[in-house]
Amino acid sequence: MTELELSKHPKTGTPSSYQRVKHRNIHHVLVCVDASPTADAVLAHAAAVAMAADGRMTVMRVLETAPAQTPTDPVEWTLRHRDVEAALRERTSYIGDVQSIVADGPAAERICAWARDNTVDLTVLGRGGDGSWPPFIRLGGTARRVTEAVNGSVLIVPASQDDGAPIRYRKVLTPLDGSARSECALKLGLAIAEAHNADMLLVHAVPNVDITEAAPLDAETITLRDQLRRRNERAAERYLNGIRSRLPRAPRISIRVLSSGDPRHALARVAAEEHADLMVLSSTGQGGHSDMSLGSVADYLINHMNIPVLLVRESTGNPGVVLRQPDGSGAVRLPSRALM
């Protein structure tokens, strides 16, 4: 089947009633697709986020070149190039004003270079590379390299069956750990939830309280550990309530504190329990370092979640998340303190 034939099936549309809510950090969205059916899900989720952020879209397909020792028929390569270009135009025709480009070479390197040279704010790609991997398998090689190296934010879309229905998020989940890094995901999460008339769930996963002890814990130490755990859970609830009180009244916002444990597993569980459609979080959190592009929690989630995960990278010099009061009277800086 040719590239053009692969593109000729029911496409995922976008609701005409979406409200466009501008997000100042997402002006240009790069959507990376291949010839697999997963590409349509990638396109649909990219369009849903781009509309919420009022960003323009570019759709990119990279044709891997043959090894140097393998001769390439220039006529055959030119024909394939034209076929792919026609397929991209067909595949993106329902979106509207969108640029499509075809590039040659190593996929990850070309994607990252193009994103850098064209000031891309959000890169969208499927989790499984060529779409041949089952949905529970980790990131494909290209997705891994792009996620770690590309400038700007990244949306990872898991393999899914595209049924042609419009993408409309019903619940957007945003984990917060008390750090300014985690809060940088709030503004985009709010814009998406408002545009889709979705509920928003703010979550804090309380980490384990570690006690250094060579021998089994005695009763006094266990009591102290439990007191610290309960204290952290109360602090987390106060923190989330404080965040919610400063946010606009729409969309509908709820909070949830997850008991002490492994935050990675706790966040994956709550996403399934709450039937979240999209997770929006910072690429690094409280424990992140300046030389890290991806934190351990974000790394786990993009490898194991069966819903799209949007990793927000705070731009250099960003003063923090600033939101208006519900009455529009003034700006409020959300708390950036750690839970202590």
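Quantities reported herein were computed from a predicted structural model and do not represent experimental measurements. (Residues numbered from 1 in each chain as written. Predicted model: local features only at pLDDT ≥ 70, side-chain atom pairs only at ≥ 80, totals over all residues. Heavy atoms only, no water.)

A. Spatial organisation of the packing of helix H9 (residues 263-273) against helix H10 (residues 296-304). As a packed pair, H9 and H10 sit with axes 9 Å apart at the nearest point and diverge in direction by 40°. Judged on the interaxial angle alone, H10 and H9 are oblique. Crossing angle aside, the handedness with which H9 passes H10 is right-handed. Facing Arg 264, His 265, Leu 267 and Ala 268 of H9, the residues of H10 in contact are Ser 296, Val 297, Tyr 300 and Leu 301. Broken down by class, the residue content of the contact of H9 with H10 amounts to five nonpolar, two polar and one charged. (Axes fitted to C-alpha atoms, helices over the stretch in contact; angles between N-to-C directions. Helix = DSSP H or I, 4+ residues; strand = E, 2+ residues; numbered from the N terminus. Parallel < 35°, antiparallel > 145°, perpendicular 65-115°, else oblique. Left-handed = near helix turned anticlockwise from the far one by under 90°. Contact = heavy atoms within 4.5 Å. Nonpolar A, V, L, I, M, F, W, Y, C, P; charged D, E, K, R; others polar.)

B. Examining the pairing of strand S5 (residues 153-157) more closely. Buried residues dominate S5, accounting for five of its five residues. Burial along S5 is two-sided: Ser 153, Leu 155 and Val 157 facing one way and Val 154 and Ile 156 facing the other are all buried. By the bridge criterion, five bridges tie strand S4 (residues 122-126) to S5 in an arrangement that is parallel. Bridge pairing in S5 links Val 124 to Leu 155. Where S5 meets strand S10 (residues 309-312), three bridges bridge the pair, whose relative direction is antiparallel. (Buried < 20%, exposed > 50% of the residue type's maximum accessible area, 1.4 Å probe, protein only. Pairing = 2+ DSSP bridges.)

C. Summary view of the pattern of salt bridges. Tallied over the entire structure, the rule returns eleven salt bridges. The residue Lys 171 makes a salt bridge to Glu 274 at a minimum N-O spacing of 3.0 Å. Of this pair, Lys 171 sits in strand S6 (residues 171-175) while Glu 274 sits in the loop between H9 and strand S9 (278-282), placing them 103 residues apart in sequence. Classification of Lys 171 as buried rests on a relative accessible area of 17%. A salt bridge links Arg 256 to Glu 274; the nearest nitrogen and oxygen atoms lie 2.8 Å apart. With Arg 256 in strand S8 (residues 253-261) and Glu 274 in the loop between H9 and S9, this pair connects stretches of sequence that are 18 residues apart. Judged by its relative accessible area of 27%, Arg 256 falls in the partly exposed class. Through salt bridges with shared partners, a single network forms among Lys 171, Arg 256, Glu 273 and Glu 274. (Salt bridge = Lys/Arg side-chain N within 4 Å of Asp/Glu carboxyl O.)

D. View of the sheet that holds S4. Overall, mixed pairing links the ten strands, which are arranged S3-S2-S1-S4-S5-S10-S9-S6-S7-S8 in an open sheet. Here the strands that pair on one side only, and so sit at the sheet edges, are strand S3 (98-104) and S8. Taken over all neighbouring pairs, the strand axes of this sheet differ in orientation by 20° on average, direction set aside. Where helix H5 (residues 141-149) meets the sheet, it contacts S4, S5 and S10, and its direction lies at approximately 165° from that of S4.

E. Summary view of the confidence of the model for the protein chain. The predicted model of the protein chain averages 79 in pLDDT, with 76% of residues at 70 or higher. Under a pLDDT of 50 for its full length, residues 129-136 has, in the predicted model, 15 contacts with residues more than four places off or in other chains. Counting contacts from residues 316-340, a segment whose pLDDT is below 50, to residues more than four positions away or on other chains yields 57 contacts. (pLDDT = per-residue confidence, 0-100.)

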